[in-house]
Every structure is written in structure tokens, then in C-alpha cells.
Amino acid sequence: MIKIITILFIYINVIFAHSFNFTELRYSYAIDRSIQLDGQINFLKNGLSISYHDSAKSLRYENNTLIYKENNETIDLDAMQYQKIKGYFDILILLYKDDKKAYDGIFDIEIKDDKTILKPLGDIKEYISHIEMFKEKTKLKQIKLFLKNRDNITIIINDEI
Amino acid sequence: MMKYSNYFILLVLLSVGILFKDYIHLSTNLLSLFASKDAVEKLKIADNLGYSKELLIAVKGFDKESKSKVLKISKELESIDNILSIQSTIVPSYEIQQYYKKNYSVLATFNDANQTSKEIKESMKRLYDAQFTNIFYTSIDKNDPLKLFNLQNKINNTNNSKFIILDDYGYLIRVSTDVSASQMDKAKVLYKDIHFILDNYDNIVSFAPFYYTVENSLEIQKDVQWIIILSTIILLVIYYLLIKNLKLLLHTLIALSSSMIFAILVSTLLFENFNVLSLAFGMSISAVSIDYLLHYYFHNFYQNNVKVDKNVLYGYITTTVAFGIFTFIPIPLLSQISFFAVVSLSFSYILFTFVFPRLSIDKYVESDNIVQKSRKIVPSYIIFILSIILFIYSSLNITLDNNIKHLDYQNKNLQKLQLLFTKNNNTQLTPIIVQASSKDKLIENLHLLDKTLPSTFSFASFIPTKTECLLNQEKLKEYDFDRLKSIINEEAVSIGFRKDYFEDSYDFAKNTPSCDTDNFKLFESYGLKIFQDKEVFYTMAFVSDVNAIKEFSFISDINIKKVFSKLANNMYKDLLFYSVIVVVMVFILLFISVKEKILYAVNYILFPISLTLAILVSFTAINLMHLFSLIILIAIGIDYGIYMSNTSKLTNTILAIKYSILSTFAAFGVLVFSSIVALNSIGIVISLGVTAIYILIKVMK
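In this text the structure is predicted, and so the values were computed from the model without any measurement. (Residues numbered from 1 in each chain as written. Chains lettered and ligands numbered in written order. Predicted model: local features only at pLDDT ≥ 70, side-chain atom pairs only at ≥ 80, totals over all residues.)

**Student:** Is there a simple way to think about the overall build of chain A in this case?
**Tutor:** Of regular secondary structure, chain A possesses one helix and 11 strands. Counted from the first residue to the last, chain A has its helices and strands arranged as β-β-β-β-β-β-α-β-β-β-β-β. When burial is assessed residue by residue, chain A has 35% of its 161 residues classed as buried. Nonlocal contacts in chain A, meaning residues at least 24 apart in sequence, comprise 40% of its contacts between residues at least 6 apart. (Helix = DSSP H or I, 4+ residues; strand = E, 2+ residues; numbered from the N terminus. Buried ≥ 20, exposed ≤ 12 C-beta atoms within 10 Å, placed from the backbone. Contact = placed C-beta atoms within 7 Å.)

**Student:** Just to check I follow, could you spell out the overall build of chain B for this structure?
**Tutor:** Along its length, chain B carries 23 helices and 13 strands. The buried share of chain B, reckoned over its 701 residues, is 41%. For chain B, the share of sequence-separated contacts (at least 6 apart) that also reach a separation of at least 24 residues comes to 81%.

**Student:** How should I be thinking about the sheet that holds strand β13 (residues 555-557) of chain B in this particular structure?
**Tutor:** Sheets are built from strands that pair by backbone hydrogen bonding, the pairs being arranged parallel or antiparallel. All names here are of chain B. One open sheet accounts for four strands, arranged β11-β12-β10-β13; its pairing is antiparallel. Since the sheet does not close on itself, it has two edges, and those belong to β11 (530-533) and β13, each with one partner. Neighbour-to-neighbour, the strand axes of this sheet turn through a mean angle of 30 degrees, independent of strand direction. Here three bridges tie strand β10 (residues 430-436) to β13, and the two strands are oriented antiparallel to one another. Bridge pairing in β13 links V434 to I555. (Pairing = 2+ DSSP bridges. Axes fitted to C-alpha atoms, helices over the stretch in contact; angles between N-to-C directions.)

**Student:** What's the story with the confidence of the model for chain B in this structure? I'm lost.
**Tutor:** Detailed conclusions should not be drawn from predicted coordinates in areas where pLDDT is low. All names here are of chain B. Taken residue by residue, chain B gives an average pLDDT of 83. The fraction at 70 or more is 94%. Of all helices and strands in chain B, the one with the weakest mean pLDDT is helix α2 (residues 31-34) (64), whereas helix α14 (residues 380-397) scores best (92). Under a pLDDT of 50 for its full length, residues 156-161 has, in the predicted model, 13 contacts with residues more than four places off or in other chains. (pLDDT = per-residue confidence, 0-100.)

**Student:** Teacher, can you tell me more about helix α6 (residues 117-133) of chain B here?
**Tutor:** Owing to its 3.6 residues per turn, the α-helix brings residues three or four apart onto one side. All names here are of chain B. Taking 1.5 Å of rise per residue, the 17 residues of α6 would be expected to cover 24 Å, and the 24 Å separating its terminal C-alpha atoms lies within 8% of that figure. Residues M124, L127 and Q131 constitute the buried set of α6. Along α6, the residues classed as buried sweep out an arc of 55 degrees about the axis, all on the same side. The exposed residues of α6 that point more than 90 degrees off its buried face are K118, R126, D129, A130, F132 and T133. (Expected span 1.5 Å × (residues − 1). Arc of directions from axis to C-beta.)

**Student:** Honestly, the packing of helix α11 (residues 290-298) of chain B against helix α22 (residues 650-667) of chain B in this entry has me stumped. Any pointers?
**Tutor:** For any two helices packed against each other, the geometry is given by the interaxial angle and the distance between the axes. All names here are of chain B. Direction vectors running N to C along α11 and α22 enclose 150 degrees, while the axes themselves pass 9 Å from each other. For the element pair α11 / α22, the angle class is roughly antiparallel. Relative to α22, the crossing made by α11 is right-handed. When α11 is examined against α22, the residues I290, D291, L294, H295 and F298 are found in contact with a partner set consisting of N652, L655, A656, Y659, S660 and S663. Of the residues that constitute the contact of α11 with α22, the class distribution is six nonpolar, four polar and one charged. (Parallel < 35°, antiparallel > 145°, perpendicular 65-115°, else oblique. Left-handed = near helix turned anticlockwise from the far one by under 90°. Nonpolar A, V, L, I, M, F, W, Y, C, P; charged D, E, K, R; others polar.)

**Student:** How should unusual backbone geometry be read in this particular structure?
**Tutor:** Phi is mostly negative for residues that are not glycine, and the peptide bonds are mostly trans. One non-glycine residue, D113(A), lies in the positive phi region at around 50 degrees. Structurally, the position occupied by D113(A) is in the loop between β7 (107-112) and β8 (115-120). Its identity as a non-glycine residue notwithstanding, N82(B) has a phi of 75 degrees, on the positive side. Tracing the backbone shows N82(B) in the loop between α4 (64-77) and β3 (83-87).

**Student:** When you look at the sheet that holds strand β1 (residues 19-28) of chain A in this model, what are you seeing that I'm missing?
**Tutor:** Residue and element names in this part refer to chain A. In spatial order, the strands read β6-β5-β4-β3-β2-β1-β11-β10-β9-β8-β7; together these 11 strands make up an open sheet with antiparallel pairing. Strand pairing shows two members of the sheet lacking a second neighbour, β6 (73-74) and β7, which therefore form its edges. Examined bridge by bridge, β1 and strand β2 (residues 33-44) share 10 bridges and lie antiparallel to one another. The residue of β2 that forms the bridge with N21 is Q40.

**Student:** Is there a simple way to think about α4(B) in this case?
**Tutor:** Under the 1.5 Å per step criterion, the end-to-end length of α4(B) is 20 Å for 14 residues, consistent within 8% with the ideal 20 Å. The set of residues buried in α4(B) consists of K67(B), K69(B), V70(B), L71(B), I73(B) and L77(B).

**Student:** Explain the packing of helix α21 (residues 624-645) of chain B against α22(B) to me, please; I cannot follow it from the model alone.
**Tutor:** All names here are of chain B. For the pair α21 and α22, the least separation of the axes is 10 Å and the interaxial angle reads 170 degrees. Here α21 is positioned roughly antiparallel relative to α22, judged by the angle of their axes. Along its contact with α21, which presents I636, Y640, Y643 and M644, the element α22 presents T653, A656, I657 and T664. Of the residues in the contact of α21 with α22, the class split is six nonpolar, two polar and no charged.

**Student:** Please clarify how the pairing of β8(A) should be interpreted in this entry.
**Tutor:** Along any regular strand, the residues point their side chains to alternate faces of the sheet. All names here are of chain A. Looking at chain direction, β7 and β8 are connected through six bridges and run antiparallel. By the bridge assignment, I109 is partnered in β8 with L118. With antiparallel pairing between neighbouring strands as the criterion, β7 and β8 make up a hairpin whose turn holds two residues, including D113 at a positive phi of roughly 50 degrees. Judged from the four bridges that link them, β8 and strand β9 (residues 128-136) form a sheet pairing that is antiparallel. Across the sheet, L118 pairs through a bridge with I131, a residue of β9.

**Student:** Would you take a moment to explain the environment of Q435(B) for this structure?
**Tutor:** All names here are of chain B. Tracing the backbone shows Q435 in strand β10. Placed 118 residues apart in sequence, Q435 and S553 show a C-alpha to C-alpha distance of 9.1 Å. With sequence-adjacent residues up to four places away left out, Q435 is seen in contact with V536, F537, Y538 and F554.

Listed below in C-alpha cells is the structure:
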């Protein structure tokens, strides 16, 4: 059941702007190594899009529809993956908007200085232990996702485009 | 003393009624009036399986606010009794997830091909490399790193988001309740509870079949109240302002009440399931007996010391014979109404004929001003020919409406809402009942359906057949998972994985779960249930095309519309057959009572019916209520035909008939103002019919 799981908190950006460069650090417990990826994320009116600097692949999630492209050609995602990505993008958008009221029923929030800790409630706690968000003034600079399988993903917001 | 006999009879009947009140059983199951025993049985099973007990709530829009509304509403709904489960996301419930976890090894398709060391090594290497090349973060499944197990799940296998979606409208909440459309009291409570919550939110629409029960009953109540007021006003006008005899009104009302109570007692004691609808209709037909009274009154029968008025007697006998024949029709509603009418008309005939002469009713004083001379110019044979032509025209243009739903109050708002929900893809599947002699066989049958129509949604979407499960178990037992795990762990370390990361791989496949499933309750939130009746097990399956699977003997279609249209067609046939017998009998009886004036008398039946029918078929499809009301017209026509043919004092007979027409209009005609199609249909037929009778009185010679 816990197959592909997860994916993508990668793309977390957050900050009150629309397009950002970001650096993603993935730590895989299974191989005890980290991988670094750089990319760009755009927050749209009803969704978001993501691309990586060293890859021809991109994802666009808008009006409840997810499109995955490689070299501008649409690639079919399997149903499970499609659904998971959409689910996580929803969370990503939620974090970007950082609307405390909208966290109600999804996360428990704990704020310590510039760090906000989100503890998942409901189904996603099966996969995510907790999320840490770091802010500079009101702007979010970094997100760390701690997964149940001991992997973790760090997203560092570099600059607004 | 005798002048109080009318009150005395009512009192005795009321006392008997109170004494026997425990024996009076009225059935409110309208289905049993129309549907065959088999169809009623099927619908009962469907009811037990939760069919048509689902409540759908749609939240407009796909934004964050809508999602938060969905969650809040779902939470608030949990507090309502009568709600069994709430589903707003396609994420399976915790229990279902546990079910998948526990039974994963037999639910998933297992690739039992032998894996060579080389193949295992290659797979593990790919898995390792993917950690560096995947654009999406993908976790490693340490339980099944080689992906030998593949679970296709119908619930997850959809392109929807986590939340259920209603096309392009917004998010959907599916609520299963234990209230069906036939449970008025429970429906009212639940309707109120749900609206108490939903009314606090904007942009929300909801629909459940029981909404019709609640909203329509409210409308029907309002409608009936206003009709009763109108009817009472007309009756008061007739008796008080026109006949100027309040005492007569009082006695008439008492006599009618006594007849109805008598008929209620007899009918409910004799019939096991006498229906409340038959009662309502029967009571209306009872009012036809006012004819007898008015004829007596205007001919001063109560002062003449004559024992029996032949005309009224003939009228009574003919009407009773007509309804007597209809008592044998195999349509319970019609046979019950007819039986009630026979009993009630007989009782009122006895009261008006033998009791009223003793009530000291004032003599009718003729007034020349009331009756104007009419010009009777059309011969009866012309009317007869015209009636036949109208019948021919009607038979050529008739269309029968066999959708019984059309008879109900047309709640446009709810119909629009229902359409919004039913046009959605998720709800377009048609429910059918599937049966078998055991639960295992039932699952097998469901899998057969699933193979024929892969889009079918049923227990087969979650539970394998016992044979399949045992086969999977066998495969798992025979497979050497220890060898597989040992190679995986060996290769993993050499490739670069953390030591012991795969130490538990494939352990889940060694402990196979039992194949004796009894997890049916888990799937109730998806509208799936099992119901056992004696030795037979029933469940529902939702299919895209009933025709494609109709050769399976274990399925039954529960499309109410279809069931009823088939029944309605049979009803029309029965009705035609019995109507022919009744018309022949009425002809014979009329001939006995009016002899050579038969054509003249029969016109009072044929002309109103043919004219009404011709007008109706020109504008609308004929429904069952139209036909029932035409039968009432026969009852009225018989009396008037006889009175007019054999009258000794034409002006008085005409006056009696005019008031009788007005009374009939007060009883039935006012229904023309009703917004409930069934009642409105009766009103139209009776109004047109009495107008036709009025024309006959004026012009036929």
C-alpha cells in the first residue's frame, strides 16, 4: 500500500509572491544519502506549476487538473500517482497561503519563534510525521518535511522571480 | 323521537367505531395498491439494502473555502441520529485501510514468476538509481521492493482529487441514512435536522428522495386545506343561500358521515390491507349519494308518504351494480374504492329513503323564478352519434401516461436539484439487486457482473471470490519468500542500501489471511450492504448498462419507473376490460328502468365521458386518475339519466340535478384548483363532465 507515497513536498515554496527559485534537499534513509535539486515554482490563481533546472519534466496543477509534461509532451500518470500528487499539491497550496484557519482539521500548529511546526491529523499522518516551516519576518524561507519512513525533504526558498 | 334518529344512528356508528378501533387497520403502503406482490417484495428488499436512502450534499466551487465547508458540514452531520455514514473524500476509511493492510496479500495480484538472482539485482539497482533520477520524490516500499504485488482499487482508481466531485459544480458529500421516502415521520425529523445545519452555509445544495416526502406532503397539506375551505364554501352557498335550508344541510352531512363511518367499519374489517388512499377516494364517491337526497327533496318525496321512488331506486341499483363489477378488478386500489362506494352508497340510500322521511324536513316550495325555461333543440340520437364520434376521435388520439410519478405534486425545485445530482458521472450507475443462496455465491455472482461490465461497483470491487482467494493463498504458500528476501538483502547492501533496510521484506506474504470474509459492514459508506431473507442473500450492484447483464438470472432490476410503467400498462388493460363489462351491464339496467328512452338516458353517461375524454386527449396524456374519475362520471351520469328520462316534474328534476351538479363540483370539481397532478386530474374530469351534463340538460330533447 505504501508504495510510491509521497512525493513532493518538494515543491513547497511559500512566501507571499507568485514565482520562486528553490532548492530541494532530499534525504533518503534507505541509502543514507541526500540529493540536491534546483527548480522553479509558480503559484497560479487556482493551482501551481513546478519545473526543475536540470530536467525537461514539469508539472502543472490548475483548476483541479494535473498535467505532467516532458519536453512539452503530456505524459500519463498512473491513477494512484496522479491522485497522490494532487493531494500533496493541495497541501502545498495550503502552506503557501498559510491561512491558519484553513489548517483546521488538517494540522495541529505549534509556533516557536521563527519556526512553525505542523503536526498532521487525519489520513496524511500515515505518511508524514511533521512539517517545520521557518519564516523571516512574514516570509517563509524554508520547509522541512519529516516522513514516516525516516526520509526527509527540505525546501529552501531562494528568491522571488 | 324519530326526528332524532339520524343523530342516533351516527352516535351508534361512532360508538361501534370506538369499540372496534383496535380492529380497524388502514394500510399506508401506497405501493401495495399498484405494484404486484413480486414487485413490492423486490422494492422491500431494495429498501432493506439502503436503496434511495442516500442524501447528497454539494458544495459549490473547488476553492479552499469549499473544502473547509465540506469538512465542517461532515463533522456537524455526525451529530444527527438516522445518519449512518458520511463520505466526503475518496480516501478509504481507517477501517477499510486496515482491511486492505490485513488482506493485502490475497487482494493484490501476485506475480509468482520465479525471480532469478540476476533479475533481483537489476530491480534493486533500478530502485537505487531512481532515488537520484526521479523528478518526484518516491518512497521505497521496503515490504515489496520488487513490486511483485499489484493492487487495483476501484476507489483509488479514479482521476478525482481526494474530495468527491460533482462534475464542474463543486465538492460532494454522500450521506447514507436509514430513512426512506416512505417513512414520513422519520423523514420530517431528519429533514429538519439537516436543514438546521445546512441553512448556516451559502452555496450549498442537497437532495435525498425523502425530501419529496417532506416537501410534497407540506404542499399537499396546504393544497388540501384550501380545497376543503373552497368546497365547504360552495356547499354552504348551495344549501343555505340557494336551497335556504340549513337543517337539510346538517342532516345531509350527518347522513354522509354515518354512511362513511359504516363503510369504513365494513371495509377495514373485511379487507386485510384497506388502504388510506382507497378510503379517501371512496369517501369522495360517497358524496354522489347527495343526488338521491336532492331528488327526494325537490320532488317532496318526504311529504308524499310514498315508500320508494322508482327513479332513485333504479339509479341506486345501476350505480351499485357498476361499482359492484369493479369490485372484482385485480387493481387493489380500484376494487377497494368500488367496494367502499357500494357499501357507503347503499347505507346513504337507506338513510335518505327510509330515515329522512321521519326527520320533519321542510317542504320544498317551488319558485318560478329559479327555473328558467330552456330551449331543448337537439334530439338524443344526434347527441348519441356525436358521443360516438368523440369516442372515435379520442381513441385515435389517446396517449396513456404510465409514469405514476407524474401524478404527484410536481416539485420543480427538487426535480431540478435531483437532475443536478443524477447527471453526475458518479451517480449515473443504475442500482440492481443481486441474489444468491450464500454469501460466497453472492460474491461470485458480483464478480461475474464485474467481468461483463468492468465499471460495475459492488462488493466485488473490494472482496475477491473465495475460489480466487484460496488460489492466491495457494500461490503464496508455494512461493519461496525466504530465498527472495535473502537475495534482496544480500544485493541491497552490495548496491549501497542501508544494511537490514529490507529485513522485513515480504514477511506480510507469509501470513495469509483467512478467506472466510465477513467484512461486509466496512463498505456501508459506499452504499453496499447484504440483506438476508430466509435462505437468500441479497445485495446491490451499481451497473452502467442493465441490458448488458439481463441474461443473468440472479439480478433484478429495481428501476421503480420501469416497474410502475409496466404495472400501469397492465392496469390500463384491466380497466378497459372491466369498463366494457360495466358499460354493457349499465346499458341493460338502464333499458330495464327507462325502456324506450334508453338512448336519452345513456347519453347522460356517454356524452360527458366522450366529451371529457376528447378534450383531455387533445391537450394531455391520460393518466390513471383521469380514468378513475371517468368512472365517477359514470356513477353520476346513471342517476341523472334515469331521473331525466322518467321525470314526472321536469323543472324540479332539473333543479335537483343542478344542485347535485354543484354539490359534485364542491366535492370533486374544486380539485381542479389543486397543484397536485392526481387531484387536479380528478378536478378537470369532473368539471368537464358536469359541464357536459349541464349542456345535456339545456339542449337535449
